[in-house]
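Chain by chain, the residues run as shown.
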Amino acid sequence: MMKTTTAILVCLTALASPALGEAPRPAGLAPLGEAPIPGSNPQSDAKVELGKLLFFDPILSGNYGMPCSSCHLPDAGWAVQAPISFGYPGTTHWRNSQTIVNSAYYSKLFWAGSSGNLEHQARSAARGGVAGNGEDDMMESRLAFVPEYRERFADVFGDDWPNVRHAYDAIAAFERTINQTDTPFDAYMRGDDSALNAQEIRGLELFAGKAGCISCHDGPMLTNEKYYNLGVPAYDGWQEDELAQITFRFELYAKGSTEEMYRTTKDDPGLYFRTKEKSDKGKFRVPSLRYTKYTYPYMHNGMLETLEDVVEFYNQGGGVNEFAANKSDQIQPLGLSADEKADLVAFLLTLSGEEILIEEPDLPTMEPLPSPAAFN
């Protein structure tokens, strides 16, 4: 919902004077097609089924209790409907949990883009100190004690014994099937004029025009995947929750900070941790707006509870945080009326379809390893 003169002029041109009976479809937006599949990890039904088991299996965590699904709950938008994601027992996390829905389309994962693909993201989450907190060799050893996994890894990957790197490949393959391409917005962009009502179309016009959202939320995924500081206020838990304070200091230390920064910083430096450029403090990757009906609260720290709050935040020109010097100059007051804000929210809801729910699989169990003679 950032606006630039160029983006608005382009979008207003695309929206201007549609032919009689022709509904406006802004340039720069498009329906979502099939998810890209990397050649290094081709899909198969057997691999996806293995990945589904592993996604829900706590075997890939330090304490055998933190599966991927613990922070990506299907009935909570495949995320966590709380400001900050759940943490490894004895800790808390420090950022909002992002949905895995349509994550196959991203070119970078996590709020600061630290993973370039789902395979790497799965490994980082399973091993993260305040997430899965697992060790590859330990998790791989556990997999070997499960006869069904030995059989599945042999069938899918040709492993004599389960290879934990292949476990991450399987999880990524499963996640690439959790997509939503049939929203009202997609139907409208494919030519169905009846897919959006009059209010939603007015919201679309605002999205691409006066509100300037399209300057950063464009393309089929409605994100340019760039980084901005919007002035989102710091997570209030860092002032009130001792455990959150410990996690925050741990992350500052682990990701690299000067002594002064470690002692004085009270907010999440975001992209800075990857670049170590002061100008990147407080910047985060633009998220997709798809499936956001179910993924509240919003922003990297969950400090905006509803879509109405998000629209009002942008309408006021963003906020102020510790890294105000880096706030994007694209964030300016929008001057939206109450009716216009309601229209914009109505359009944003069309970016989500029916809730994606699945039945959790029955998980295989460990058994003693067979005697050496059984392998001869």
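Residues numbered from 1 in each chain as written. Predicted model: local features only at pLDDT ≥ 70, side-chain atom pairs only at ≥ 80, totals over all residues. Heavy atoms only, no water.

Caption draft 1: Fine view of the overall build of the protein. Per the secondary structure count, the protein includes 14 helices and two strands. Taken along the three principal axes of its C-alpha coordinates, the protein extends 80 × 55 × 30 Å. Counting across all 376 residues of the protein, residues that qualify as buried make up 54%. Long-range pairs, those at least 24 residues apart, make up 70% of the contacts in the protein between residues at least 6 apart in sequence. Summed over its atoms, the accessible surface of the protein is roughly 16,700 Å², and 51% of this surface lies on carbon and sulfur atoms. (Helix = DSSP H or I, 4+ residues; strand = E, 2+ residues; numbered from the N terminus. Buried < 20%, exposed > 50% of the residue type's maximum accessible area, 1.4 Å probe, protein only. Contact = heavy atoms within 4.5 Å. Areas by Shrake-Rupley, 256 points an atom, 1.4 Å probe, with all protein chains shown as cover.)

Caption draft 2: Region of the structure containing the packing of aromatic side chains. The full count for this structure, using the stated rule, is 14 aromatic pairs. For the ring pair Tyr235 and Trp238, a centre distance of 5.6 Å and an interplane angle of 90 degrees mean the geometry is edge-to-face. By the burial criterion, Tyr235 is buried, and Trp238 matches it. Seen from their ring centres, Tyr291 and Tyr294 are 4.7 Å apart, and the 45 degrees between their planes marks the pair as tilted. (Phe/Tyr/Trp six-rings, centres within 6.5 Å; stacked < 30°, edge-to-face > 60°.)

Caption draft 3: Representation of the packing of helix H8 (residues 198–208) against helix H14 (residues 338–349) within the structure. At a closest axis distance of 7 Å, the pairing of H8 and H14 adopts a crossing angle of 100 degrees. Taken together, the axes of H8 and H14 lie roughly perpendicular to each other. Two secondary-structure elements touch here, H8 through Gln199, Glu200, Arg202, Gly203, Leu204, Leu206 and Phe207 and H14 through Glu340, Ala342, Asp343, Leu344, Ala346, Phe347 and Leu348. Its residues placed into classes, the contact of H8 with H14 shows eight nonpolar, two polar and four charged. (Axes fitted to C-alpha atoms, helices over the stretch in contact; angles between N-to-C directions. Parallel < 35°, antiparallel > 145°, perpendicular 65-115°, else oblique. Nonpolar A, V, L, I, M, F, W, Y, C, P; charged D, E, K, R; others polar.)

Caption draft 4: Representation of the pattern of salt bridges within the structure. The tally for this structure, following the rule as stated, stands at 14 salt bridges. Among the salt bridges present, the one from Glu251 reaches Lys255, with a minimum N-O distance of 2.3 Å. Separated by four residues within a single helix, Glu251 and Lys255 lie in helix H10 (residues 242–255), roughly one turn from each other. Of the residues examined, Glu251 reaches a relative accessible area of 4% and is grouped as buried. (Salt bridge = Lys/Arg side-chain N within 4 Å of Asp/Glu carboxyl O.)

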